[in-house]
Structures are given as structure tokens and as C-alpha cells.
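Coordinate analysis (summary)
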Amino acid sequence: MEQSLRETIHENPKKILGVNSQDAKVSLSYLTVAFVSLLIGGILGLVQGLERAGLIQLPSWLNYYQVLTAHGLLLLVVFTATFSIGYLYANLSHALGGLLPKVRKLAWTGFVLMIIGVAMVVTMIVLNEASVLYTFYPPLAAHPIFYIGLVFVVLGIWACCFGVFINYRHWRKNHPGEVTPILAFFTMGVFVLWFFASLGVTIEVFTLIPWSMGLVETTNVMVARTLFWWFGHTLVNIWYLVAISAWYVFVPRIIGGRHFSDKLIRLVVILVVILNIPGGFHHQIIDPAISQSIKFLHVFMSLSIAVPSLMTAFAMFVVFERTGRRLGGKGLLGWLKKLPWGDVRFLAPMIAMISFIFGGAGGIVNTSNQLNQVIHNTMWVVGHFHITVGVSVVLTFFGICYWLIPHLSKRKLTPKMNKIGIIQTLIWTVGMIIMSGSMHIVGLLGDPRRTSDTTYGGHEAAASWVPFEMLFAVGATLLLIGVIIQVYAVFNMMFFAPKGNTEYPVAEPEDDETPTPMWTERWGLWIVLLLMVVAMAYVVPIVDMLLNAPPGSPPIRTW
Amino acid sequence: MKLAKYGLVLYIFLALPPVANLLESIMIVHMHMQMPLLVASGFLMAGFFQLKFPNFLEKWNSNGIPGIILFVIIWSYWMLPRAMDEAITLQVVELFKFISLPFLAGVPLRDSWKKLSSIGKDIVYLYFIIMFIVMAWIYIGSESQLCNNYLLVEQKTLGWGSLAIAACMIIYLLQLIFIDQSEFE
Ligand code: HEM
Ligand SMILES: [Cu+2]
């Protein structure tokens, strides 16, 4: 299917355009911050694992909760956000034929704002002024600068949101009657969610700033927690959308197939965007002050996300089977063998997808009221999100690196680097199976999360946790090796790999696919529906929390 | 006709005593969920009536205006605190609610909306925005309990809910105005 250059220019100009070099610089900068955060966060993760296992004792100037706060924020917020922005802006540039100059400027503004914000946050954590964990629930109170730093991070994200919206509108105006390229559609979905997700946490932080400064005496803890999870839960689905954008659009191309129905993909994006935010309540199943009936309703709200998830699982397996059979796979499962297992660009996201089955099953446990009573605030939860975000999301991100970074830096993925990638993927998988598996089990035995020392004076129940905690340390060691290899691979591909051209592996639709209807582009309507769903979910509990509020809480510093 | 069947199923479901009790036990759910769902059930069932009584509808509702006025009056009536309160206390009023909302609001809405000119649609739309804002003002602002059956806090919740709906409707309107709708054809 080689085309002459002329034909390509004529029929598919985007293919050669790729990401232009000015846009590539934006993306590479975000990716650099992402992988520096991963390295630091990973080291802190190992420290935690060793401390939990009792193998090391942190010095008096560094406490466990400082480390845990930094680990959570650096990995959960900084790494995922900067990676997603780098990746999505590259997609946008590729799909829309370059960013507008003012959009590029917005992306740089966002970058600077985020760096300032992260610097403020990290400084406060290092100074031991903000050991409030990444959830920063009041009444735990950090230094005001910590919260102000968070505001800067949010402003940075907003700059990136507006950049995407502006570029999208510009393209829409100039392409009447055409649906937006699927990558740009995903990017819109993610940034719309990002914008509305961050509204909740912004309101929260703005109430916490005067409170932590002592200007107001008390704060409403329940409202703060609710607003936090409005954001926190949505963040989870932002990663999920970013990950499935790669599963739907790039993975099929990498295995040499076509992508699944364009219409279905867009429907999944729309559903995730509209239904998402109220899922936040499933993080508050044990919180008092939310009535039983509201919690009951929210089981449905959070399980509704299973619908697009199952659609995704179905679509992906259809693509795999179709492609495998096209390549000559026979019999019931013969097509599985035809998939390119030796290609890290496939292997990493494939393991990510498989792990999502376990992550999803665990998620159903978490969101069920009775089962949540057993696992709430135990290590089970930590095991759960290391499977979901630590494997399903992060391995997808890692897999993306092996074509995105060479493409952006105009270099090549060498077979040797591919092999390193495969080894990295396997180390990561084994490390997470050991660490997350033992966390799941020991959580069921009652081992609490977020606790530096769980010996409880040698009580026999606590003693039964020790072997599992040793396994955390084993897993954590493997994982840090994985992190180091990955960071090495990323910077090698960025600066040292041989020069060359790397394809942007975007899958094409099947030949007989019906065109996607234009109504899918009604973002105005999707946003109104999103707001309606938010109103349905939040008005009753929030008014209740405000009008029937107990006395608020003053700032408390426990460390 | 399939739609009409779904409408009937929805109607019967809403009329089941436990369902009705549950929905009516929370003020905002009573007004902003049960009632719109009743209207929706009528809206879905309307196809049946359009098929059975084409002449009647053609004669009385040829330009859609009588139908939409009926719809507006019926739904506005049910926004009154007194009406909701009585629906819970008096069986007859409850019965009237289950008849009026689907058949005197939902059915005429379906029959009229397409017949209306765009100005007519705008007026109806604006009317509802204003109504929700006024309701928000009354229900949030009132310091006394308006219903025997619902507490003050529920009343305020309802007010905030109405405000949220009005806000959503305004945002919808704004995006209709500022985004060229022909883009989506
Ligand atoms: C080198 C790899 C990693 C190791 C060894 C590691 C290890 C750990 C350990 C031991 C905990 C402590 C649990 C507790 O005491 O409650 C933890 C918590 C956590 N980890 Fe990781 N982790 C790693 C990677 C990641 C990644 C990639 C992410 C997300 C992108 C992540 C997100 C979190 C979060 C959000 C927490 C909870 C913090 C809190 O409870 O405040 N971790 N991790
Ligand atoms: Cu969640």
C-alpha cells in the first residue's frame, strides 16, 4: 500500500504533516516533566514500600506522610496530567494540521503556570508544612501556599482547556459538514471533562485558602470532601478516556488492522463525558451526612460507567479477532497468536487492557455498599488503584511513548529499544502483580492504608500482615527498576536515538463503514446534559450538607 | 406505536404505589423527577392518540397554540406548593395529577411542538426559564414552610434545583445562539 509522495500529499496531507516541530516542542516539554515526576514519585514509592515492610526507618527529618503526599501528588496529578497534555496536544496538532499560534501560546502559558504551581506545592511538602496526603481533606490543614500552588496548577490546566476549545472551534468553522478527526474528538472530550471536573476542586480550594490563613475560623468538611471527589473521580475517567483513545485509535493500526466503528467510539466518549462526575459519591460510601437513599441512587450513577467500558471491551476484542483472522489466524483462538506480542507498542497497552478486567471487577466491589464496608481505607484500595491507574493507565502511557516520542523528536524506535521496552513492560507487570496482589489480599485481612507503622504492638492480627508487606517491598523494588528503565528509554528516544521518521500510527476506518452523523459534534448539548446530570446528583446532598451543617472544623495539624 | 407502548409501561411503573411513594417522599424528586416523567410518559403515548383521534386534534389544535397553552397551564399549576401538598394528602388530587400531567400536558406537548412557529417555541422556552427562576426565588427565599408535607430544608433544596435547571436552560439557549446550528446538518 505504498503511495507516492504526491498522492499522499494530495489525499492525506496529515500523514506527512505529522506534528509540526513547534508543536512537538510543547509536547516534549510536557513529557519531560511527566517522566521526571515519574522518577521522583517512583523512588518515593519504593521508600514507602520499604518502610511499610519495616525494612527501613525514615530519618527524623522525613516522615512517611510527607513522602506519601508527594508520591500521590507527583504521580496521580503531575505525571498523569502532564503526560496527557503532551500526548493530547500532539494528537490535536496531528489531527487538525497544526496548532494555532495563540493556542500554542496558551499551552506554554499552561506549562509555566503548572510548573510554578507544582514548585509551590512540592516546596511546602518538603518543608513539612503540607503532610495532608494528595486528597488534602480538611480538617487537616496545610500551609496556604500549598493550596495557592494547587490553584496555579488548575489555572495551567484551564489554559490548556481553552487552547483546545479555541482550536476545535476554529477547525469546526472551517470544515462545514465534516466530523472532527477522531483524535481531536477525544481531545475535546478529555478537556471538557477536565474543565468541569476542576470546577469542584477549585471551589473547595478557594474555601480552604482563607481557612488555612486563619481568616475564617471553620470549614465544612463534608462539602469539601464532596467537592474533592467531584474532581477526583472525574480525574480517573479523564485518564481512562486518554487511555482508550490510544486503544481505539492507535492499537488497531499497530497490529495492522482498522479501527472499530467511528460512531461507537464517539458515543463512548459522549457517554463518559455526560455521565461521569456524579460517580464521585462512590468514594464517600462511608461518609456520614449523606443519606442512605442518595448513596443508593449513586450505585447506579457509578455503575452506569460500566456501559461505555463494556462497549470498549467488546470493540477491542472484535478488532483483535478481525485482525488476527485477516492475518491467517485459525480456529477459536488461533488469531491470538497472530497478534504482534513482540512489539512493545502493542504489548504494553494490551497488558493494560487485560488488567482493566481485574481493575473493573475490583471497582465493582468498591462501589457496592456492603463490600465497601470491608475494604474501605484498607490496603485493598491501594492495590486497586495501582492496578487501574498503575497498570491500565500507566502501561498504556508507557506504550504510547515508544512511537510518540521518536515521532516528536524525529528519531527512530530501534529494535534494541523495542526489546528494552518489552523487558520494561514485563518487569512492571510482574512488579505490580506482586505488589498490588499482596495489597489486595492483606487489605481483606484488615491492613489499613496510609499508615506508616502497622505492627500494633505485635498483635497477632497485625503480625499476619507482615509477610504480605514484605511482598510490597519486593514488588516495589521491581517497580523502581521498571521506572528507571522507562525513564532511560524516554530520554534516550528524546535525545539520543538514531534520526529518522516514525509513523503516527492512526488507524483507518473499515472500508464499508457508514459515515458518522454530525449530531455527535453537538458539544454545547453534551455540556448542558453534563450539567443537568451534575445538578441532579449534587443539589440535594450539598444543600443538605450546608443547611443541616454541624459546627465547622478549625484547621488541624496532626504532624 | 412502539414508543406509545414504552410510554404506557413508564406510566404504569410510575403509578405503582411503592414507586409513587418513594418519588413523592422527596420534594425535589416529586416536582423535578416524577412530574416530568409523567409528562414524558404522555409525550410517548401521544402517538396513540394522534392515530386514534386525528380529527379531534386537527380540529382543536391545528396550529398548536391551544395545545401548548394547555400544557403550560397544567405544568405551571403543578409547580404550586399547594398543589403538591394536596396531591399527597387527597387521593382525588393525586388522581388528577396522574391524569393531567400525561394526558393534558404530555400529549398536547407532542401534538403542538412541531406545529408551533419558532417564535412560539421561543416564548414557551422563555416562559419556563422565567418560571424556574421565579420558583427558585420563592422557594429559596421563603422563610416559612410552604407545604405541610415537606420540611423547610427540602423546600430550599427544591429552590436551588429549580435555579440549576434554569441555568442549564439558559446555557442551552446561549449555545444555540452563539453556535451556528447548521454546522450539525
Ligand atoms: C514505583 C512504583 C510504585 C510504587 C513502588 C508504589 C508504592 C506505593 C505504596 C507502598 C503506597 C502506600 C500506601 C499506603 O501507605 O497507604 C502507595 C500509595 C499511592 N500510590 Fe503508589 N506506587 C508506585 C507507583 C504509583 C503510580 C504510577 C501511581 C499513579 C499514577 C501511584 C499512585 C499512588 C497513590 C495515589 C497512592 C495513595 C496515596 C495516599 O493514600 O495518599 N503509585 N504507592
Ligand atoms: Cu471513582
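Residues numbered from 1 in each chain as written. Chains lettered and ligands numbered in written order. Predicted model: local features only at pLDDT ≥ 70, side-chain atom pairs only at ≥ 80, totals over all residues. Heavy atoms only, no water.

Taking an unreviewed UniProt entry as the reference, chain A is identified by name as Cytochrome C belonging to Aquibacillus halophilus.

Brief notes about the UniProt feature "domain: Cytochrome oxidase subunit I profile" (unreviewed entry) in chain A
Applicable threshold: UniProt positions are given in the numbering used here, feature names are shortened, and annotations may be inferred rather than shown by experiment. Every helix listed is a DSSP run of H or I at least four residues long, and every strand listed is a run of E at least two residues long, numbered separately from the N terminus.
Here, the residues flagged by UniProt with the feature "domain: Cytochrome oxidase subunit I profile" (unreviewed entry) are residues 25-491 of chain A. In residues 25-491 of chain A, the share of helix is 76% and the share of strand is 0%. The end C-alpha atoms are 14 Å apart.

Describing the UniProt feature "transmembrane region" (unreviewed entry) in chain B
All names here are of chain B. According to UniProt, the "transmembrane region" (unreviewed entry) feature falls on residues 6-23, 35-51, 63-80, 123-140 and 160-179. For the annotated span residues 35-51, helix accounts for 100% and strand for 0% of the residues, and the straight-line distance between the end C-alpha atoms is 25 Å. End C-alpha to end C-alpha, residues 160-179 measures 28 Å, and it is 95% helix and 0% strand.

Regarding the packing of aromatic side chains
All names here are of chain A. What counts here: Any pair of Phe, Tyr and Trp rings, taking the six-membered ring for Trp, is counted once the centres come within 6.5 Å. Such a pair is stacked with planes under 30 degrees apart, edge-to-face with planes over 60 apart, and tilted for the rest. Buried residues are those whose accessible area, probed at 1.4 Å on protein chains only, stays under 20% of the maximum for their type, while exposed residues exceed 50% and partly exposed ones sit between those limits.
Enumeration according to the criterion identifies 59 aromatic pairs over all chains in this entry. Judged by centre distance (6.2 Å) and plane angle (55°), the ring pair of Phe 79 and Phe 397 falls under tilted. Pair noted here: Phe 79 is in helix 4 (residues 64-96) and Phe 397 is in helix 16 (residues 379-408), with a separation of 318 residues, a long-range link. Residue class for Phe 79 comes out buried when judged on its relative accessible area of 2%.

Considering the coordination of the iron atom of ligand 1
Residue and element names in this part refer to chain A. Put simply, the test is: Metal coordination here is assigned from N, O and S atoms located within 2.8 Å of the ion, or within 3.2 Å for Na, K and Ca; omission of water means that sites may look incomplete. Here the metal geometry follows the donor angles, with tetrahedral for four donors whose angles all fall between 85 and 135 degrees, square planar for four and octahedral for six when opposite donors are more than 155 degrees apart and every other angle is between 65 and 115, and irregular for all the rest.
At this site the iron atom of ligand 1 is bound by His 71 (NE2) and His 386 (NE2), with donor distances of 2.0 to 2.1 Å. Considering all six donor atoms around the iron atom of ligand 1, angles at the metal cover 86 to 179° and the coordination shape is octahedral. Taken as a pair, His 71 in helix 4 and His 386 in helix 16 lie far apart in primary sequence, 315 residues in all. Here His 71 matches His 386 in class, with each residue buried.

A look at the interface of chain A and chain B
Inclusion rule: Contact between two residues is taken to exist if any of their heavy atoms lie within 4.5 Å; hydrogens are not considered. We count a salt bridge whenever a side-chain nitrogen from Lys or Arg sits within 4 Å of a carboxyl oxygen from Asp or Glu. Throughout this description, a polar contact denotes any pair of N or O atoms lying within 3.5 Å of each other; where both atoms belong to protein, one of them has to be capable of donating a hydrogen while the other can accept it, and for residues adjacent in sequence the pair is counted only when both atoms sit in side chains. Each residue receives one of three labels: charged for Asp, Glu, Lys and Arg, nonpolar for Ala, Val, Leu, Ile, Met, Phe, Trp, Tyr, Cys and Pro, and polar for the others, Gly being one of them.
Of the residues lining the interface, 18 residues belong to chain A; the matching set on chain B comes to 16 residues. At the boundary of chain A with chain B, the tally comes to zero salt bridges. Taken together, chain A and chain B are joined by zero residue pairs in polar contact (both at pLDDT 80 or more). Elements represented by at least two residues in the side of chain A that touches chain B include exactly helix 6 (144-174) and helix 20 (523-547) of chain A. Sorting elements by how many residues they give to the side of chain A that touches chain B places helix 20 of chain A first, with ten residues. Across the side of chain A that touches chain B, the residue classes break down as eleven nonpolar, two polar and five charged.

Digging into empty space enclosed by the protein
All names here are of chain A. Just so we agree on the cut-off: Lining residues are defined by having an atom within 4 Å of a point belonging to a cavity or pocket. Those points lie on a 1 Å grid over the protein atoms alone, cavities being sets where a 1.4 Å probe fits but cannot get out and pockets being open sets with protein on both sides within 12 Å along at least five of seven lines. Grid points are joined across faces, edges and corners, and a volume is the space filled by probe spheres set on the points.
Counted according to the given criterion, the structure contains six cavities of 30 Å³ or more. Computed from the structure, the largest cavity encloses a volume of approximately 650 Å³. Lining the largest cavity we find 35 residues, and of these Gln 48, His 71, Leu 75, Phe 385 and His 386 sit closest to its centre. Going through the elements one at a time, helix 3 (21-52), helix 4, helix 16, helix 17 (415-444) and helix 19 (466-495) are the ones with two or more residues in the lining of the largest cavity. Element by element, the count of residues in the lining of the largest cavity is highest for helix 4, at eight residues. Classifying every residue of the lining of the largest cavity gives 23 nonpolar, nine polar and three charged. Its boundaries defined by the atoms lining it, the second largest cavity holds a volume of some 90 Å³. Lining the second largest cavity, in full, are Ala 70, Leu 73, Leu 74, Val 77, Val 78, Val 118, Val 121, Val 122, Ile 125, Leu 150 and Val 153. Elements that contribute at least two residues to the lining of the second largest cavity include exactly helix 4, helix 5 (101-126) and helix 6.

Notes on helix 7 (residues 182-212) of chain A
All names here are of chain A. The criterion, for reference: Here, expected helix span is obtained from the residue count minus one, scaled by 1.5 Å. For a residue, the bend is simply the angle between two axes, fitted respectively to the seven-residue segment ending there and the seven-residue segment starting there.
Under the 1.5 Å per step criterion, the end-to-end length of helix 7 is 44 Å for 31 residues, consistent within 8% with the ideal 45 Å. At Leu 199, helix 7 is deflected by roughly 25°, the largest bend along its length. Judged by how many residues are buried, helix 7 sits mostly within the fold: 26 of 31 residues are covered. Looking one or two residues past helix 7, Gly 214 carries a phi angle of roughly 85°, positive in sign.

Digging into the site of ligand 1
Residue and element names in this part refer to chain A. Convention followed: Throughout, the term near means that a residue has one or more heavy atoms lying within 4 Å of the molecule or strand in question. Each molecule is assigned to a cavity or pocket provided more than half of its atoms lie within 2 Å of the corresponding grid points.
Ligand 1 sits among 27 residues. The nearest are Tyr 64, His 71, His 386, Arg 449 and Arg 450. The separation between an oxygen atom of ligand 1 and a polar side-chain atom of Arg 52 is 3.0 Å. Measuring from a nitrogen atom of ligand 1, one finds a side-chain N or O atom of His 386 at 2.7 Å. Assessed atom by atom at 2 Å from the grid points, ligand 1 resides in the largest cavity. If you list the elements that add at least two residues to the shell around ligand 1, you get helix 3, helix 4, helix 16, helix 17 and helix 19.

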